[in-house]
Amino acid sequence: MSVVTATPPAGIANANQSNSRKVLLSVRDVLKVYGSREAVTRALDDVSFDICEGEFVGVMGPSGSGKSTLMNILGCLDKPTAGDYYLQGLNVAELDDDELTEVRALSIGFVFQSFNLLPRLSVIENVMLPLSYTNVPRAQREMRAVHALQAVTLPVDHWDHRISELSGGQMQRVAIARSLVNDPPIILADEPTGNLDSATGALVMETFHKLQERGKTIVLITHDPGIAAEADRAVTIRDGRIHDGAYIAHAPQTLRGAIDNLPMIYADANPTKGVKA
């Protein structure tokens, strides 16, 4: 990709001086406006924050707070009306459509509340799908998909199943595996537990923790304080404005207890009977 790496303005690289890790995402004075002059909506209003390599950050807010707009900008699906967004040192505003497509394919893995899986395809075919838009040789695509499915501990005997044969938790793990297949450094998850019961949601959150241990940077959008508590820190957004990094030291006992009480699941074994995986 013929992109000139931009140097962020002074202060961005040192925004997290207490953290020796590299700043991976930097949002500076971002404004996003919708509507006409007569009826202007400020979906984001002067938003600034940094996320470092290897962090697990929760972005929490009620419906209509601007968190989905923020995710679209972080995921290079939209651009701010004003302000700057730097992704791995690149000023996203300076990228053309082809360059943005390449950044989304190689640097960001997306996980959605509604899974966005194709029902006609098998599990492994769904996971392989993003590789269709890259130059990865066909012979290597299945191997990459296998590695991604192993990373989310989905049992091997489910890999050739159709999506309709899976539980909600299994579908979400397939969606996470699909987000990993290009080995992106960043995972953006939009309400990934929103359609799941608490025990299954705990399994999905444990998957994100394991991915962080392997060096992934996780940004998770949620309206649930219990889910946000699973992150290293949570940033609250209301009415398009950031209410600075609320660090939550401990997750609620109910969620942690749900994780602690779950049975172990291995890639070569079926879940314990009666447990929705």
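The model shown is predicted, which means the values in this text are computed figures rather than measured ones.

Q: I'm lost on the pattern of salt bridges in this one. Help?
A: Once their charged atoms are close, side chains differing in charge can pair, the charge on each being opposite to the other. A complete count under the given rule lists six salt bridges for this structure. One salt bridge connects R28 with D50, and the closest N-O pair in it is separated by 3.2 Å. Remark: D50 occurs in strand β2 (residues 40-52) and R28 occurs in strand β1 (residues 23-35); sequence separation between them is 22 residues. Both residues of the pair, R28 and D50, belong to the buried class. Taken together, the shared-partner salt bridges in this structure form one network comprising R42, D45 and R241.

Q: Help me understand the side chain of Q172 in this model?
A: Within the secondary structure layout, Q172 lies in helix α5 (residues 168-180). Setting aside residues no more than four positions away along its own chain, Q172 makes contact with V111, F112, Q113, F115, P192, L196 and V204.

Q: What is the right way to read the packing of aromatic side chains from this model?
A: In this description, an aromatic ring pair is defined by two values, namely the gap between the centres and the angle between the planes. Within the structure shown, the criterion is met by one aromatic pair. Taken together, a centroid distance of 6.0 Å and an interplanar angle of 5° make the contact between F110 and F112 stacked.

Q: Would you mind going over unusual backbone geometry with me for this structure?
A: Working note: non-glycine residues mostly have negative phi, and peptide bonds are mostly trans. Non-glycine residue Q88 carries a positive phi angle of around 55°. Note on placement: Q88 falls in the loop between β4 (82-87) and β5 (90-91). Q88 sits in the partly exposed class, given a relative accessible area of 31%. Even without a glycine there, the phi angle at E191 is positive, about 50°. In this structure, E191 sits in the loop between β7 (186-190) and α6 (198-213).

Q: How should the packing of α5 against α6 be read in this particular structure?
A: In helix packing, the relevant descriptors are the interaxial angle and the interaxial distance, both defined with respect to the helix axes. Packing of α5 against α6 leaves a shortest axis separation of 9 Å and a crossing angle of 20°. Put simply, α5 runs roughly parallel to α6. Remark: the crossing between α5 and α6 carries right-handed chirality. Along the contact surface, α5 presents G169, Q172, R173, I176 and L180, while α6 presents T200, V204, T207, F208 and L211. Taken together, the residues that form the contact of α5 with α6 break down as five nonpolar, four polar and one charged.

Q: Help me understand the confidence of the model for the protein chain in this model?
A: When pLDDT drops low, the exact placement of atoms in the prediction is not to be read closely. With 81% of its residues at a pLDDT of 70 or more, the protein chain has an overall mean of 83. Taken together, the stretch residues 262-277 has pLDDT below 50 and engages in 30 contacts with residues farther than four places along the chain or on a different chain.

Q: Is there a simple way to think about the side chain of D45 in this case?
A: Position of D45 among the secondary structure elements: in strand β2. Assessed through its relative accessible area of 14%, D45 is described here as buried. At a separation of 3.3 Å, a polar atom in the side chain of D45 contacts the side chain of R241. Not counting the four nearest positions on each side in its chain, D45 is found in contact with V30, L31, G240 and R241.

Q: Sorry if this is basic, but what is going on with the sheet that holds β2 here?
A: Hydrogen bonding along the main chain pairs the strands of a sheet, whether they run parallel or antiparallel. Taken in spatial order, the four strands of this open sheet run β2-β1-β4-β5, and their pairing is antiparallel. At either end of the open sheet lies a strand with only one pairing partner, and these are β2 and β5. By the bridge criterion, five bridges tie β1 to β4 in an arrangement that is antiparallel. What sits directly across from L25, in β4, is L87.

Q: Honestly, helix α2 (residues 97-107) in this entry has me stumped. Any pointers?
A: Counting along an α-helix, one turn takes 3.6 residues, and residues three or four places apart therefore face a common direction. Among the residues of α2, those classed as buried are E99, L100, V103 and S107. One side of α2 carries all its buried residues, which in axial view fall inside an arc of 100°. Summarising the geometry of α2, the exposed residues directed more than 90 degrees from the buried face are D97 and D98. The secondary structure elements touched by the buried residues of α2 are β4, β5, β6 (108-112) and β7. Residue D96 occupies the N-cap position of α2, its side-chain oxygen lying 3.2 Å from the main-chain nitrogen of D98.

Conventions adopted
Along every chain, residues carry numbers that run from 1 in the direction the sequence is written. Only residues with pLDDT of at least 70 are given local features in this predicted model, and only at 80 or more are side-chain atom pairs given and counted; all residues enter the totals for whole chains, interfaces and linings. Hydrogen atoms and water are omitted, and side-chain values are computed over all heavy atoms in the structure. By definition, a salt bridge exists where a carboxyl oxygen of Asp or Glu is found within 4 Å of a side-chain nitrogen of Lys or Arg. Only DSSP runs of H or I covering at least 4 residues are called helices, and only runs of E covering at least 2 are called strands; the numbering of each starts at the N terminus. The buried label applies to any residue whose accessible area, calculated with a 1.4 Å probe on protein chains only, is under 20% of its type's maximum; exposed applies above 50%, and partly exposed to all values in between. In what follows, a contact means two residues having at least one pair of non-hydrogen atoms within 4.5 Å. Within 6.5 Å between ring centres, the rings of Phe, Tyr and Trp (the latter by its six-membered ring) count as paired, and their orientation is classed by plane angle as stacked under 30 degrees, edge-to-face over 60, tilted in between. Here an axis means a line fitted to C-alpha atoms, over the contact stretch when the element is a helix, while the angle between two N-to-C directions is reported on a 0 to 180 degree scale. Put simply, angles under 35 degrees are roughly parallel, angles over 145 are roughly antiparallel, angles from 65 to 115 are roughly perpendicular, and the rest are oblique. Should the near helix be turned counterclockwise from the far one by less than a right angle, the crossing is left-handed, whereas a clockwise turn marks it as right-handed. Throughout, the ten residues Ala, Val, Leu, Ile, Met, Phe, Trp, Tyr, Cys and Pro are labelled nonpolar, Asp, Glu, Lys and Arg are labelled charged, and all others, Gly among them, are labelled polar. Looking at any residue, its pLDDT shows the predictor's confidence there, from 0 to 100. Here a polar contact is taken to be a pair of N or O atoms separated by no more than 3.5 Å, where protein atoms must pair a possible hydrogen donor with a possible acceptor and residues adjacent in sequence count only if both atoms sit in side chains. One requirement defines pairing of two strands: DSSP has to find at least two bridges between them. In this context, the arc is that of the directions from the helix axis out to the C-beta atoms.

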